[in-house]
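# Fold and geometry: a report
Here is how the chains run, residue by residue.
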Amino acid sequence: QVQLVESGGGLVQAGGSLRLSCAASGRTFSSYGMGWFRQAPGKEREFVAGISWSGVRTDYADSVKGRFTISRDNAKNTVYLEMNSLKPEDTAVYYCAASAAQYRAARIKADFGTWGQGTQVTVSS
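Nothing here was measured: the structure is a model prediction, and the numbers come from that model.

For the structure on display, the rule yields four aromatic pairs. With a centroid separation of 5.7 Å and 75 degrees between ring planes, the pair formed by F37 and F47 is classed as edge-to-face. Remark: F47 occurs in strand β5 (residues 46-51) and F37 occurs in strand β4 (residues 33-39); sequence separation between them is 10 residues. The pair formed by F37 and F47 is uniform in burial state, with each residue classed as buried. Taking 6.1 Å as the distance between ring centres and 55 degrees as the angle between the ring planes, the aromatic pair formed by F112 and W115 counts as tilted. A relative accessible area of 5% places F112 in the buried class. Overall, the relative accessible area of 26% leaves W115 in the partly exposed class.

Now for the state of the cysteines. Applying the stated criterion across every chain, the model contains one disulfide. With a sulfur-sulfur separation of 1.9 Å, C22 is cross-linked through a disulfide to C96. On the S-S bond that ties C22 to C96, the torsion sits near 40 degrees, and the link is right-handed. Taken together, the residues span a long stretch of sequence, with C22 in strand β3 (residues 18-24) and C96 in strand β9 (residues 92-99) at a distance of 74 residues. Since its relative accessible area comes to 0%, C96 is described here as buried.

The rules behind each value
Residues numbered from 1 in each chain as written. Predicted model: local features only at pLDDT ≥ 70, side-chain atom pairs only at ≥ 80, totals over all residues. Heavy atoms only, no water. Phe/Tyr/Trp six-rings, centres within 6.5 Å; stacked < 30°, edge-to-face > 60°. Helix = DSSP H or I, 4+ residues; strand = E, 2+ residues; numbered from the N terminus. Buried < 20%, exposed > 50% of the residue type's maximum accessible area, 1.4 Å probe, protein only. Disulfide = S-S within 2.5 Å.

Here is the structure:
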């Protein structure tokens, strides 16, 4: 099993960019599909992006498609979320998660068994 630690969150103006990282412990990182979710105050945790173990398959929520890019470096046990053209509505705590469904880009919360602690992203208008 892996443990996940997110970093890279912060305060940014609308239109700006941030790059989130999620570092995984353990030697089995490449056995997992990975995903990013976010949760805004008073709202459900929602899917943002997913990536298969090899990085070949990716999937995005419609709200971030064309602005966010998920990628991974299995040699570094790290998954990334590049966020561009940020909007105030992107403000949330962002979580990375690991899924045993390694061959596809999972997007359902129930597919993910391990979660990080989250990193805050705040976009000011």
